[in-house]
Amino acid sequence: MDEVVVERVLRIVELVPSGRVVSYGTVGVVASCSPRYVGRVMKEYGANVTWWRVVNAAGALPAPLLGRARDHWRAEATAHTQEKALTSAFLSPEDLDALWARHGRDPEERLD
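Residues numbered from 1 in each chain as written. Predicted model: local features only at pLDDT ≥ 70, side-chain atom pairs only at ≥ 80, totals over all residues. Heavy atoms only, no water.

- As recorded in an unreviewed UniProt entry, the protein chain goes by the name MGMT family protein, listed as coming from Brevibacterium casei.

Shown next, in the form of structure tokens:
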């Protein structure tokens, strides 16, 4: 995996506000990679970031993660059912891109 893209994905995920979720596709749009790549990054490296804020387009997570995600969703007042995060909890691609533009630091940028 491309270390720069992995780091970019993880940094973008950390910008998702409490109580909100984003789809793998939304992260992919902002990170310039595919939703499947985002899913792979989250599976392999996402344990130390707010992984419960990244869901599929329907608002769901893999069954083994759902119980723990619901605990986080309850604690953060994320709109959800027993099975998934609700549409009202989704952050738009434009809003996530704006957060990245304002607060993100791309791993390819170098300090001079």
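1. Details of the packing of helix α1 (residues 3-14) against helix α3 (residues 35-45)
Logical step 1: Two elements in contact, α1 and α3, have axes separated by 10 Å at closest approach and are oriented at 85°. Considering their axes alone, α1 and α3 lie roughly perpendicular with respect to each other. Here Val5, Val6, Val9, Leu10 and Val13 of α1 lie close against α3, whose contacting residues are Tyr37, Val38, Val41, Met42 and Tyr45.
Logical step 2: Each residue belonging to the contact of α1 with α3 can be placed in one class, and the counts come to 10 nonpolar, no polar and no charged. (Axes fitted to C-alpha atoms, helices over the stretch in contact; angles between N-to-C directions. Helix = DSSP H or I, 4+ residues; strand = E, 2+ residues; numbered from the N terminus. Parallel < 35°, antiparallel > 145°, perpendicular 65-115°, else oblique. Contact = heavy atoms within 4.5 Å. Nonpolar A, V, L, I, M, F, W, Y, C, P; charged D, E, K, R; others polar.)

2. Remarks on the packing of aromatic side chains
Logical step 1: All chains considered together, the criterion is met by one aromatic pair.
Logical step 2: When the centroid spacing of 5.6 Å and the interplanar angle of 85° are considered together, the rings of Trp51 and Trp52 count as edge-to-face.
Logical step 3: Under the relative-accessibility criterion, Trp51 is labelled buried at 11%. (Phe/Tyr/Trp six-rings, centres within 6.5 Å; stacked < 30°, edge-to-face > 60°. Buried < 20%, exposed > 50% of the residue type's maximum accessible area, 1.4 Å probe, protein only.)

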